[in-house]
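# An overview of the molecular structure
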Amino acid sequence: MAKVFYENEVNEGVLKGKKVAVIGYGSQGHAHAQNLNESGYDVVVGVRPGKSRAQAEADGLRVYDVSEAAEQADVVMVLLPDELQPAVYKNEIAPYLSPGNALVFAHGFNVHFHQVVPPEDVDVFLVAPKGPGHLVRRTYESGAGVPALVAVYQDVTGTAKETALAYAKGIGSARAGVLETTFKEETETDLFGEQAVLCGGLSSLVKAGFETLTEAGYQPEVAYFECLHELKLIVDLMYESGLEGMRYSISDTAQWGDFQSGKRIVTDETKAAMKRVLQDIQSGEFAKGWILENQANRPVFNAVNELEKTHPIETVGRELRAMMPFVKPVRKEKEAVGGA
Ligand code: NDP
Ligand code: MG
Ligand code: MG
């Protein structure tokens, strides 16, 4: 079993008395800055002028330009969109790092794929919450937390790991559990998870189920509730008590259907495709494609993004959700903090 760190094992003293600059105030940034601040750490925010900067100020934080925040801080957490990090790092962060500072990330992509090459005289580590930023904030406020991974890439002070754990505790993650990993493992598993299961696999599964029902003549509203809305209720059960706990709550008919048909949907061929997705991540092929796509100003990303919005599941979903005020959209919150 991997070692999992919880609150009582973490020495926060190593981060107290240090100044933390949270760079970016988007999905992760607003959560880290406010959680650390409320956990009693000395926090400043570094962000460009704009909507999220105004939000950081409205939230009562001390806000500066990126370079000013980086210069005054001992610990610089980079929470900008991954594709923008290399340029902002080079121009507005690197020149302002001092020996013994810590350069921190929430995802290993840029360091692992050498898009950011840190100087040799600073600590480099990551604290990667395993959940969307808005839930890092929401769970912290409710007394809970989102689990996190920590990894040390470079330790010049001898306290990189302790500092990473203290940071993780400050954002609430040690309430849920903090695991130690490497930049390679965090980067590759994070990319795999979001592509094969959490985002890519799941959205494709939902769409295929919805299309199968509507193409067979069933009502789109019924198909939406069946294939998308109810998913959360099922996932909540899995989150609380695993697959077995989920199966405890569903009918025996549903459980028999699960056993009979699940393997007809996710087949050996699906698993072989997952392995190819993983290989493309490990070889850097996926990273190269994403870096080039950004250099070309995202022609494919933007085209697919527009097309996806027109899918019938989105049209019917918007109408049905408008009638369910108890369904709390994260996006309103997210737009307010300027996330992408
Ligand atoms: P967001 O897209 O939400 O962050 C956007 C923030 O960066 C905004 O404050 C934006 O300001 C600011 N920004 C953009 N460009 C610049 C710039 N040139 N100079 C200064 N500030 C700028 O990012 P995420 O929170 O999604 O991701 C941050 C990191 O966290 C990434 O490494 C990601 O992989 C990682 N991560 C993200 C997760 C998530 O839940 N989203 C989960 C786990 C890790 P403005 O409002 O002006 O645009
Ligand atoms: Mg990710
Ligand atoms: Mg049912």
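Residues numbered from 1 in each chain as written. Chains lettered and ligands numbered in written order. Predicted model: local features only at pLDDT ≥ 70, side-chain atom pairs only at ≥ 80, totals over all residues.

## Here's the deal with the overall build of the protein
The line we're drawing: We count a stretch as a helix when DSSP gives it H or I for four or more residues in a row; a strand needs E for two or more, and each element gets its number in order from the N terminus. Radius of gyration means the value over C-alpha atoms here, while the globule rule gives 2.2 Å times the residue count to the 0.38 power. For every residue, the other C-beta atoms within 10 Å of its own C-beta are counted; 20 or more classify it as buried, 12 or fewer as exposed, and values in between as partly exposed. C-beta atoms are placed from the backbone. Our contact criterion uses C-beta atoms placed from the backbone: two residues qualify when those atoms are within 7 Å.
The secondary structure content of the protein amounts to 16 helices and 9 strands. For the protein, whose C-alpha radius of gyration is 21 Å, the value lies close to the compact-globule estimate of 20 Å for 340 residues. Looking at the 340 residues of the protein, the share that counts as buried comes to 33%. The long-range share in the protein, meaning contacts at least 24 apart out of those at least 6 apart in sequence, stands at 67%.

## Observations concerning the confidence of the model for the protein
What counts here: By definition, pLDDT measures how confident the predictor is in each residue, and it falls between 0 and 100.
Per-residue pLDDT for the protein has a mean of 95; in total, 97% of the residues score no lower than 70. Across residues 333-340, where pLDDT falls below 50, the model places 20 contacts with residues more than four positions away in sequence or in other chains. With pTM at 0.92, the complex prediction returns an ipTM value of 0.98.

## Some thoughts on the UniProt feature "domain: KARI N-terminal Rossmann" (unreviewed entry) in the protein
Put simply, the rule is: UniProt positions are given in the numbering used here, feature names are shortened, and annotations may be inferred rather than shown by experiment.
Using the residue numbers shown here, the UniProt feature "domain: KARI N-terminal Rossmann" (unreviewed entry) corresponds to residues 2-181. The span residues 2-181 shows a helical share of 33% and a strand share of 23%, and its end C-alpha atoms are spaced 9 Å apart.

## Details of the pairing of strand β3 (residues 42-46)
Put simply, the rule reads: When DSSP finds at least two bridges between two strands, those strands are taken to pair. Here, the term right-handed applies to a crossover whose path from the first strand over the helix to the second runs clockwise when the strands point away from the viewer.
In terms of residue burial, β3 counts as a mostly covered element, since 4 of its 5 residues are buried. In this structure, strand β2 (residues 19-23) lies alongside β3, joined through 5 bridges in parallel fashion. Paired with A21 across the two strands is V44, which belongs to β3. Where the polypeptide runs from β2 across helix α1 (residues 27-38) and back to β3, its parallel neighbour, the crossover connection is right-handed. Alignment of β3 against strand β4 (residues 62-64), held across 3 bridges, turns out to be parallel. Looking at β4, one finds that V44 is bridged to R62. With respect to chirality, the unit in which β3 leads through helix α2 (residues 51-58) into the neighbouring parallel β4 is right-handed.

## Describing the domain arrangement of the protein
How we decide: Either an automatic procedure or a domain database provided the assignment from which the domain bounds are taken.
When cut into domains, the protein gives domain 1 (4-182) and domain 2 (193-328). The straight-line distance from the C-alpha centre of domain 1 to that of domain 2 is 30 Å.

## Focus on helix α12 (residues 268-282)
For the record, the criterion: Here, expected helix span is obtained from the residue count minus one, scaled by 1.5 Å.
For α12, with 15 residues, the first-to-last C-alpha span of 21 Å sits near the 21 Å given by 1.5 Å per residue. Little of α12 is tucked away: 0 of the 15 residues are buried. Positive backbone phi, approximately 90°, marks G284, located one or two places after α12.

## Digging into unusual backbone geometry
Positive phi values are uncommon outside glycine, yet H114 reaches one of about 60°. Residue placement: H114 occurs in the loop between α5 (109-112) and β7 (123-129). The backbone of N297 sits at a positive phi, close to 65°, despite the residue not being glycine. Structurally, the position occupied by N297 is in the loop between α13 (285-295) and α14 (299-309). The exposure class assigned to N297 is exposed, which follows from the 8 C-beta atoms found within 10 Å.

## Here we look at the UniProt feature "domain: KARI C-terminal knotted" (unreviewed entry) in the protein
UniProt records the feature "domain: KARI C-terminal knotted" (unreviewed entry) for residues 182-327 in the present numbering. Between the end C-alpha atoms of residues 182-327 there is a gap of 37 Å, over a span that is 85% helix and 0% strand.

## Brief notes about the packing of helix α8 (residues 183-198) against helix α9 (residues 200-215)
Which entries qualify depends on this criterion: Axis definition: a line fit to C-alpha positions, over the contact stretch in the case of helices; interaxial angles, taken between N-to-C directions, run 0 to 180 degrees. Angles are sorted into four bins: roughly parallel if under 35 degrees, roughly antiparallel if over 145, roughly perpendicular if 65 to 115, and oblique for all others. Throughout this entry, Asp, Glu, Lys and Arg are counted as charged residues, while Ala, Val, Leu, Ile, Met, Phe, Trp, Tyr, Cys and Pro are counted as nonpolar. The remaining residues, Gly among them, count as polar.
For the pair α8 and α9, interaxial distance at closest approach is 3 Å and the crossing angle is 10°. With respect to α9, the element α8 is oriented roughly parallel. Between α8, through E194, Q195, A196, V197 and L198, and α9, the contact on the second element is made entirely by G200, G201 and L202. Residues belonging to the contact of α8 with α9 are distributed by class as follows: 4 nonpolar, 3 polar and 1 charged.

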